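A structural walkthrough
Here is what each chain is made of, one letter per residue.
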Amino acid sequence: MVSITLLFAATLTPALCCHWLNHDYHHLNSESITQLERMGGGAISMSKSLLPFPYILYERMERAEVSTQLVFIRDNMELILGLYRHDNLSSASWDPVSTEHFLVSIGRQRDEISSCVSVDLRADCRLRRYYNKLRRRTLSLTGGSVASWEFIRTETKHHLDQMQMLVNDMLTAASGRRPTDAPQLQIDSVSTSAPC
Ligand SMILES: *[C@@H]1O[C@H](CO)[C@@H](O)[C@H](O)[C@H]1NC(C)=O
């Protein structure tokens with residue numbers, strides 16, 4: 001049993017490029033979710049849906065190449081951060097310390113993943129379009145109302161959960177491959193995503 005675990009560990013690290021993804025991602029993503037809950041004073045309730053959740057983007061990512069998956073997660077983190085870079089963030093009346101910790105932890109997730117993917121690669125336009133629409137229907141429409149901030153918080157939680165599942169799938173897929181297959185998993189500069 002021990003040797004199997006060691007074998008997996010040995011094949012996972014080069015395959016996924018990010019040692020971090022293997023060892024620290026889960027912890028940091030959980031920290032982001034904890035802070036996200038804490039800043040609103042507890043668990044996140046489902047707020048009224050202002051936009052359908054883009055499950056289709058995550059379904060597509062399940063079958064994507066590792067490099068594409070990593071770029072998707074990196075850009076997703078950056079786009080989440082973009083939502084919160086808003087003049088009227090204070091009108092959400094969230095706990096400022098938890099909010100700050102949350103934003104720092106999301107920034108760290110983005111930075112850590114950035115260190116193992118090419119800066120030239122960008123996520124599919126559809127992800128960007130979704131976030132633009134989300135912003136238009138909430139913050140742009142209301143100037144940053146409490147309800148729109150709560151919806152953003154609910155959506156953020158959903159994205160963090162979905163990314164956690166995606167990473168779990170990536171790790172499972174990598175551990176299921178034989179070591180001789182590993183070179184095919186190396187991150188390379190090939191990308192199928194269209195430029196935005
Ligand atoms: C912030 O709120 C004020 C007052 O509601 C509004 O006039 C302003 O446009 C909002 N700013 C942004 C960036 O939405």
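Predicted model, so just to flag it, every value in this text is computed and none were measured.

Basis of the calculations
Residues numbered from 1 in each chain as written. Predicted model: local features only at pLDDT ≥ 70, side-chain atom pairs only at ≥ 80, totals over all residues. Heavy atoms only, no water. Near = heavy atom within 4 Å. Polar contact = N/O pair within 3.5 Å; in protein donor to acceptor, adjacent residues only side chain to side chain. Areas by Shrake-Rupley, 256 points an atom, 1.4 Å probe, with all protein chains shown as cover. Nonpolar A, V, L, I, M, F, W, Y, C, P; charged D, E, K, R; others polar. pLDDT = per-residue confidence, 0-100. Contact = heavy atoms within 4.5 Å. Helix = DSSP H or I, 4+ residues; strand = E, 2+ residues; numbered from the N terminus. Buried < 20%, exposed > 50% of the residue type's maximum accessible area, 1.4 Å probe, protein only. Phe/Tyr/Trp six-rings, centres within 6.5 Å; stacked < 30°, edge-to-face > 60°. Salt bridge = Lys/Arg side-chain N within 4 Å of Asp/Glu carboxyl O.

On to the site of the ligand, then. Taken together, His86, Asp87, Asn88 and Gly143 make up all the residues around the ligand. Within the contact set of the ligand, an oxygen atom lies 2.2 Å away from a side-chain nitrogen or oxygen of Asn88. When the ligand sits alone it has 360 Å² of accessible area, and the protein chains cover 36% of it. Here the residues of the shell around the ligand sort into no nonpolar, 3 polar and 1 charged.

What follows deals with the confidence of the model for the protein. Mean pLDDT for the protein: 83, with 81% of residues reaching 70 or above. Residue range residues 4-16 is modelled with pLDDT below 50. Its contacts to residues more than four positions away, or to other chains, number 19 contacts. Note on residues 180-196: pLDDT under 50 across the span, and 28 contacts to partners over four residues away in sequence or across chains.

Along the chain, the position of Gly40 falls in the loop between helix 3 (25-39) and helix 4 (55-62). The exposure class of Gly40 is partly exposed, given its relative accessible area of 35%. Note: C-alpha distance between Gly40 and Asp95 (55 residues apart in sequence) is 6.6 Å.

As a further point, take the packing of aromatic side chains. Aromatic rings considered in pairs are described by the distance between their centres and by the relative angle of their planes. Evaluation of the coordinates by the stated rule reveals 8 aromatic pairs. With 5.2 Å between their ring centres and 90° between their planes, Tyr58 and Phe72 make a pair best called edge-to-face. One end of the pair, Tyr58, is in helix 4; the other, Phe72, is in helix 5 (residues 66-84), with 14 residues separating them in the sequence. Of the two residues, Tyr58 and Phe72, neither departs from the other in class, the shared state being buried. The rings of Phe53, Tyr55, Tyr58 and Phe72 are connected pair by pair, giving a single aromatic cluster.

Overall, the coordinates contain 9 salt bridges when judged by the stated rule. With its nearest N and O atoms 3.3 Å apart, the salt bridge here joins Glu78 to Arg85. A salt bridge links Glu78 to Arg110; the shortest N-O distance between them is 2.5 Å. Residue Glu78 is found in helix 5, and its partner Arg110 is found in helix 6 (residues 96-114); the two are separated by 32 residues along the sequence. Classification of Glu78 as partly exposed rests on a relative accessible area of 29%. In this structure, a network of salt bridges that share partners links the residues Glu78, Arg85, Arg110 and Asp111.

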